[in-house]
Amino acid sequence: MKKAAVIGGGASGLMAALSASELYRTVVFEKNERTGRKLAQTGNGRCNLTNEAAGPGHYYGNDFVEGALMRFGPEDTLRYMEGIGLLARREYGGRYYSFSGQAGSVVDALRFALEKKGVELRTGTRVTGVEKKEDRFTVRSEKGEERFDYVIICCGSMAAEKLGGCSDGLDILRSLGHRVIKPVPALVPVMTDNTYTKMLRGVRVQGKATLMGEDGTPVRAALGDILFTDYGISGPAVMDVSRFCTGHKGLRIETDMFPDMDEADLEELLKKMTGLRETAGELFTGLLNNKLSVILAKYCGIEPGRKAAELSSKDALKLAHAAKNMSFDVKGTTGFPNAQTVRGGALTGQFDQNTLESLIVKGLFAAGEVLDVDGECGGFNLQWAWSSGYVAGRCGR
Ligand SMILES: Cc1cc2nc3c(=O)[nH]c(=O)nc-3n(C[C@H](O)[C@H](O)[C@H](O)COP(=O)(O)OP(=O)(O)OC[C@H]3O[C@@H](n4cnc5c(N)ncnc54)[C@H](O)[C@@H]3O)c2cc1C
């Protein structure tokens, strides 16, 4: 029986091993003491395991993702997961979360399925090199060497080092002749001028974040929660635009706290509020978080203690404009340790998009974040891990 080595026991690696084990003796090498450590922390501990909308439009770069997503998409994933006793629940925006509400149980279900299929899980074993000689691969780890017919690189990216993030996969692929696009953090909190954000620490608003380029034109916008922090802004809407925040100067993030209302309507509403509230700092009370109500007045240079009844039409216009365009100068991101994924990775052009086999080394495959693929917030990155893992695990069949 032919043998397949899966390097990395995260989301893509566990799926690749399940898929490979249908035909081959399969061994998973995982450097952590446990498999799926990152997976167990996903979706705020609930695991947002897929999104029904997963298609090329939700991923960056190119249409490379199409091959794997067509072969094993969200519906296939949900069906497959159900088959191993793992149910999911649909929530807003087509996101599917683990039915148990426990990301750890996703890891357990995958582990049970792997054990049933006889896959050998070698945890606490870091692979240090892969070589190809005479049609077979030598996989070297800290514990020795072993020969395999197929190797699937599923080592993930440098995001979240504490959970296993590292550059090993890229180093191995480089050593085998692959090119790498320099990774930078993506889906990551953004550091900004914090004059106002630190006063709003912990406040969340559902809105729209728009990243504005150096020339003042929008680069990318996203809807969702915006969270204010000591160092800047975070939350899904901000994380979604963060992949463009590295390596550019003069960027700003504009936040719109009333994305469903135009500025003129908000201005009219605020004029009405001047008759319903005592002070300028209370004008947004009942509409936004109370702290934001005070800070928006300050942001506009209006003393929050000023009588609401004394505010002019111009003041209402200023406040409406601020609530729809409060803007923060970008200083950078909080980096790989806090990133959920990366932009960059192994050049996808050197892999067959239908099989994920290397076009340089026959019998070598790659899946998950080690490839230059990143998706939006909302289950898209895990779906890529499942799709690419499943396809790569077929070892070209
Ligand atoms: C906090 C957090 C929350 C997230 N939430 C979500 C979410 O809800 N939904 C979503 O879609 N995405 C989410 N993501 C992103 C998602 O987790 C990743 O896209 C996905 O895990 C990538 O899968 P992967 O298999 O490529 O990498 P990983 O899951 O990181 O697995 C790679 C594995 O390889 C191992 N490894 C690396 N090098 C070696 C080596 N040399 N030898 C042996 N083993 C090695 C690592 O230890 C690791 O276990 C989240 C990420 C983070 C950090």
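Residues numbered from 1 in each chain as written. Predicted model: local features only at pLDDT ≥ 70, side-chain atom pairs only at ≥ 80, totals over all residues.

*Asks:* Which residues make up the nonpolar core, and what values go with them?
*Replies:* The biggest cluster of nonpolar side chains holds 71 residues, and the ones touching the most others in it are Ala5, Val6, Ile7, Val151, Ile152, Ile153 and Ala366. Residues within four places of alanine 5 in sequence aside, it is in contact with Val27, Phe29, Phe137, Val139, Phe148 and Val151. (Core = buried A, V, L, I, M, F, W, Y, C linked by C-beta atoms within 7 Å. Buried ≥ 20, exposed ≤ 12 C-beta atoms within 10 Å, placed from the backbone. Contact = placed C-beta atoms within 7 Å.)

*Asks:* Lay out the domain arrangement of the protein chain in plain terms, naming residues and giving numbers.
*Replies:* What the domain assignment reports for the protein chain is domain 1 (3–185 + 337–393) and domain 2 (190–333). Domain 1 and domain 2 are separated by 38 Å when their C-alpha centres are compared. Opposite the 8 residues of domain 1 that make contact, domain 2 presents 7 residues. Counted by class, the side of domain 1 that touches domain 2 contains 4 nonpolar, 1 polar and 3 charged residues. (Domains from an automatic or database assignment. Nonpolar A, V, L, I, M, F, W, Y, C, P; charged D, E, K, R; others polar.)

*Asks:* Residue-level account of helix α3 (residues 74–83), with values.
*Replies:* Turning to α3, its buried residues number three or more, namely Pro74, Thr77 and Met81. Down the axis, α3 shows its buried residues gathered within 55° of arc, on one side only. Opposite the buried face of α3, by more than 90 degrees, sit the exposed residues Glu75, Arg79, Glu82 and Gly83. The secondary structure elements touched by the buried residues of α3 are β3 (48–51), β4 (88–90) and α10 (380–393). Among the residues trailing α3, glycine 85 stands out with phi positive, at a value near 80°. (Helix = DSSP H or I, 4+ residues; strand = E, 2+ residues; numbered from the N terminus. Arc of directions from axis to C-beta.)

*Asks:* How would you summarise the sheet that holds strand β16 (residues 252–256) if you had to cite specific residues and measurements?
*Replies:* An order of β12-β15-β14-β13-β16-β17 is seen for the 6 strands of this closed barrel, with the pairing classed as antiparallel. Ignoring which end each strand starts from, the neighbouring axes of this sheet average 45° apart. For strand β14 (residues 218–228) and strand β15 (residues 232–234), the ladder comprises 2 bridges, and the chain directions are antiparallel. Across the sheet, the residue bridging to leucine 227 is serine 234, located in β15. Contacts from helix α9 (residues 313–325) reach β16 and β17 (326–333), with the element oriented near 30° to β17. (Pairing = 2+ DSSP bridges. Axes fitted to C-alpha atoms, helices over the stretch in contact; angles between N-to-C directions.)

*Asks:* Account for the site of the ligand, naming residues and giving values.
*Replies:* Near the ligand lie 40 residues; those nearest to it are Gly8, Gly10, Gly156, Gly164 and Gly368. Those elements that provide at least two residues to the shell around the ligand are α1 (11–20), α5 (168–175) and α10. For the shell around the ligand, the element with the most residues is α10, which contributes 4 residues. For the shell around the ligand, the class distribution of residues is 15 nonpolar, 18 polar and 7 charged. (Near = placed C-beta within 6 Å.)

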